[in-house]
Amino acid sequence: MDSRKILIVDDNADIRLGMHLRLKANQYQTFFAADAFSGVAEARKHRPDLIILDLGLPAGDGFTVMERLSQIPVLAVIPIIVVSARDGLGNQKRAYAAGAKAFLQKPVNDDELLAVIRQALGEPAGMKKPTLYDQGSV
Amino acid sequence: MKEKTLQVLVIEDNAGDVRLLREMFSGEKPGSFELTHLMRMSEAEIHLAKGGVDITLLDMGLPDGHGIDTVRRAHAAAPGVPLIILTGLDDEALAADAMTQGAQDYMIKGQIESRALPRALRHAIERHRMQAETDLIRTHQMQFKDEFLSHVSHELRSPLTAVRQFVTILLDGLPGEMNPEQRQYLEIVLRNVKQLHSMINDLFEVSGVQTGKLKVEPQCTSAPDAIAYAVNTLQGAAVLKGIILSADIEPKLPSVCADPARLRQILIILVDNAIKFTPPNGTVTIQARIFDEDPSSLVLEVSDSGCGIEPDKIGRIFERLFQASDTSAVHTGLGLGLYICKDLVTRQGGKIWAHSAQGEGAVFSATIPIFSLPKMIAPAFSEERQVELPITLVVTELGSQTGWLSDQIRADQCQGMRDLLRGCLHSDLDVLLPRTDSAGPVELFFVVAITDGIGGEAICKRIGKKLGSSEHLRLADLTHSTSYRSLEACRRESIESKEDFLERVATSIQELMNDEISSRQVKNG
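Residues numbered from 1 in each chain as written. Chains lettered and ligands numbered in written order. Predicted model: local features only at pLDDT ≥ 70, side-chain atom pairs only at ≥ 80, totals over all residues.

Visitor: Lay out the overall build of chain A with the relevant residues and their values.
Guide: Each helix and strand in chain A was counted, giving six helices and five strands. Reading chain A from its N end, one meets helices and strands in the order β-α-β-α-β-α-α-β-α-β-α. Within chain A, buried positions represent 41% of all 138 residues. Considering only contacts within chain A whose residues lie at least 6 apart along the sequence, 58% involve residues at least 24 apart. (Helix = DSSP H or I, 4+ residues; strand = E, 2+ residues; numbered from the N terminus. Buried ≥ 20, exposed ≤ 12 C-beta atoms within 10 Å, placed from the backbone. Contact = placed C-beta atoms within 7 Å.)

Take a look at the structure:
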């Protein structure tokens, strides 16, 4: 099976690189966008299997991206995982209402992120490569 | 400058008293006061609600209202309007009591000097205005502080995410293996990152504490499980410091009524604190037992062999930002933990306190109510309803199109669902039971209603309609269905005490609930 494609939309370059390293180690292919506008453009170009989306972005925000994607039938079906430093409740509700599959709060636990990705892609949980040092956050 | 005419509402049923009051204003400049006189509380409520009244003079003995209740009603109809009580000599105590219910002042009839009344009114209005202004400023300040805290914790999270990501990437050996020493140092980094993360969460939580936004969802849960979780989580930190962390739990403890995540949080804060203030080679012990002073609660105790708390500080340790300024202890917190802890305990119906003799360690105790179905359904079985009672168990099932609800969705939706359900119930006849730990593919909500099959049907319809129109459930792709089951009519036997009766009814209800839960688990394998 070809490796699944994941688009990472986050304006923080360090976080993009960190996610890329972790996802690559788990056999995912990654693409990037650093603002809301190119988020939609890259999604159009690469047709990813999944999008990891930050909420606070230049040129719009995560909600703008979700709204635009939802208007394009071929892109509307791509599962979206929102990963944001914004506070839970309100944004979480809004993200789900906008069609997000999951909402994770930064700083993200990589184990959790991988589990949510697998769930959203319909992959069995068993194929997970364990991350030894990132379990639990007290 | 022309002074504004002050609109005075006089609520008084004695025409003679009203005439006297009017005369007291006769010395005032024309147009400075305008008196409106009403005899009944019901009329006054309508008048007040319309607005435009600057001050109310209220007699507490009216044809349709009496005593402190009239004060509450007047205050409720127009909370922003200052209120002065008119009272006879004999009920001065009552008038003083009225001051605590929102009245600005009281005046004793027959002792009011004619010139004094208009002046008293002006003062009352001015005082009330200043109070309102101060309250508004305070509200704004609190709001600003909460927004600030929320903003700061948000800004800190992003860089912390990157730090954590790369540390774990290195530790997991993604770019290649490290030598043991490098690994050890990075583990120290990670430990500190986690600590920083928890401090940021504290900051964020505390802005939630202030505005009451912290989510607490009580359910029937096990205290020993929460203790085991806390011990496992903090064992590492204890070992590093050479502290022996252990739990001493009384066997066969009953379940408690608490939010499991919040219960774990309470214990973690207390144990973490204890480890922090205990020197190497000390001990930290968690105990759980039924509370001697109130057998309807469990008491959880975290005791340590640390430096103890000075007597003059023990009353203040649950205050926000309080730090026991002990020079021997390294401060590693914001002084928010115990404050959050107290809020969480109190909001789950418990109490928290500390006890310490300096130099002999400290003991933190928190009580948590024991889960009791009989006690929960008691409000529906009031003393007046003693004949045969029809009882119906209404079950609402929340599911998803995929057939399985994730924990995340459960956590997100439960509170909202409970609010929606509450809106469909009669508060004195129906009881929405706390969450059950069904662990099945769906989330179940149970309502015990004092009604027969026809009533049960009606509740189901109401709930179905309300949930059906919920945009939120539709958008989240959630499904719902509501059904009911009737219990046999329950009659309280003449020899049976109310406690025994409730116990018996609760047992039948519990059986039905278990039945509903297990049927879902079987159905979905």
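That was the structure; now back to the text.
Visitor: Account for the overall build of chain B, with residues named and values stated.
Guide: Scanning chain B from N- to C-terminus turns up 14 helices and 18 strands. Restricting to contacts in chain B with at least 6 residues of sequence separation, those with at least 24 account for 72%.

Visitor: Residues and numbers for the pairing of strand β2 (residues 33-38) of chain B, please.
Guide: Sheet topology places strand β1 (residues 6-11) of chain B next to β2 of chain B; six bridges connect them, and they run parallel. Residue pairing in the sheet places L6 of chain B in a bridge with F33 of chain B of β2 of chain B. (Pairing = 2+ DSSP bridges.)

Visitor: Explain the sheet that holds β2 of chain B residue by residue, including any values.
Guide: All names here are of chain B. Reading across the sheet, the five strands line up as β2-β1-β3-β6-β7 and stay open at both edges, with parallel pairing between neighbours. The sheet is open, and its two borders are formed by β2 and β7 (105-108), each paired with just one other strand. Geometrically, the sheet is characterised by an average inter-axis angle of 20° between neighbouring strands, direction not taken into account. In this structure, β1 lies alongside strand β3 (residues 55-59), joined through four bridges in parallel fashion. Residue V8 lies in a different strand from β3, and its bridge partner there is I55. (Axes fitted to C-alpha atoms, helices over the stretch in contact; angles between N-to-C directions.)

Visitor: Explain the nonpolar core to me, using residue names and the numbers behind them.
Guide: Core analysis: the biggest nonpolar cluster contains 45 residues, and A223, I266, L267, L270, V271 and C341 of chain B have the highest contact counts within it. Contributions of two or more residues to this core are made by α7 (223-240), β10 (256-258), α8 (260-276), β11 (283-290), β12 (297-304), α9 (337-347) and β14 (362-369) of chain B. Here the element with the most residues in this core is α8 of chain B; it accounts for nine residues. Leave out the neighbours within four places in its chain, and A223 of chain B touches L253, V256, L263, A288, L298, L300 and I368 of chain B. Within the second largest apolar cluster, 35 residues are counted, among which are I6, A33, A43 and L53 of chain A. (Core = buried A, V, L, I, M, F, W, Y, C linked by C-beta atoms within 7 Å.)

Visitor: Let's hear about the sheet that holds strand β9 (residues 244-249) of chain B: which residues, and what values?
Guide: Whenever strands of a sheet pair, they do so through backbone hydrogen bonds, lying parallel or antiparallel. All names here are of chain B. Taken in spatial order, the five strands line up as β9-β11-β12-β14-β13 in an open sheet, and their pairing is mixed. Sheet topology places β9 and β13 (352-356) at the edges, where each strand pairs with a single neighbour. When strand polarity is set aside, the average angle formed by the axes of neighbouring strands in this sheet is 15°. Here seven bridges tie β12 to β14, and the two strands are oriented antiparallel to one another. Within the sheet, the bridge partner assigned to L298 lies in β14 and is I368.

Visitor: Please give an account of unusual backbone geometry that cites residues and values.
Guide: In this structure, the amide linkage connecting K106 of chain A to the following residue, P107 of chain A, adopts the cis form with an omega of -5°. With respect to the element layout, P107 of chain A can be found in the loop between β5 (102-105) and α6 (110-121). In this model, K252 of chain B sits at a positive phi of 55°, which is unusual for a non-glycine residue.

Visitor: Help me get a handle on the packing of α8 of chain B against α9 of chain B, residues and values and all.
Guide: Residue and element names in this part refer to chain B. Two elements in contact, α8 and α9, have axes separated by 10 Å at closest approach and are oriented at 145°. Considering only the axes of α8 and α9, their crossing is left-handed. Here R262, Q265, I266, I269, L270 and N273 of α8 lie close against α9, whose contacting residues are G337, L338, I340, C341, L344 and V345. When the residues that make up the contact of α8 with α9 are grouped by side-chain class, the tally is eight nonpolar, three polar and one charged. (Left-handed = near helix turned anticlockwise from the far one by under 90°. Nonpolar A, V, L, I, M, F, W, Y, C, P; charged D, E, K, R; others polar.)

Visitor: So what's going on with the confidence of the model for chain A? Which residues, and what values?
Guide: Looking at chain A as a whole, its pLDDT mean stands at 85, while 87% of the residues score no less than 70. Per-residue pLDDT stays below 50 along residues 132-138 of chain A; that stretch engages in 19 contacts with residues further than four places along the chain or on separate chains. (pLDDT = per-residue confidence, 0-100.)

Visitor: Hey, could you go over the packing of helix α1 (residues 13-25) of chain A against helix α5 (residues 116-171) of chain B for me, with residue numbers and the actual values?
Guide: Running from N to C, α1 of chain A and α5 of chain B point in directions that differ by 30°, and their axes come no closer than 9 Å. By the angle between their axes, α1 of chain A is roughly parallel relative to α5 of chain B. For the element pair α1 of chain A and α5 of chain B, the recorded crossing hand is left-handed. Where α1 of chain A abuts α5 of chain B, its residues D14, I15, G18, L21 and R22 of chain A lie against T161, A162, Q165, F166 and I169 of chain B. The residue inventory of the contact of α1 of chain A with α5 of chain B, partitioned by class, reads five nonpolar, three polar and two charged. (Parallel < 35°, antiparallel > 145°, perpendicular 65-115°, else oblique.)

Visitor: Requested: an account of helix α3 (residues 68-77) of chain B, with residues and values cited.
Guide: Residue and element names in this part refer to chain B. Along α3, the residues that are buried comprise T70, V71, A74 and H75. The buried side chains of α3 occupy one side of the element, clustering within an arc of 130° when seen end-on. Of the surrounding secondary structure, the elements contacted by the buried residues of α3 are α2 (41-50), β3, β4 (61-62), β5 (65-66), β6 (83-87) and α4 (92-99). (Arc of directions from axis to C-beta.)

Visitor: Report on the pairing of strand β3 (residues 50-53) of chain A, specifying residues and quantitative values.
Guide: Residues and elements named next belong to chain A. Burial along β3 is two-sided: L50 and I52 facing one way and I51 and L53 facing the other are all buried. Two strands pair when backbone bridges link them, and strand β1 (residues 5-9) and β3 are joined in this way by four bridges, in the parallel orientation. In the strand pairing of β3, I6 is matched with L50. When β3 meets strand β4 (residues 80-84), the two strands line up parallel, connected through three bridges. Note on β4: the bridge partner recorded for I51 is I80.

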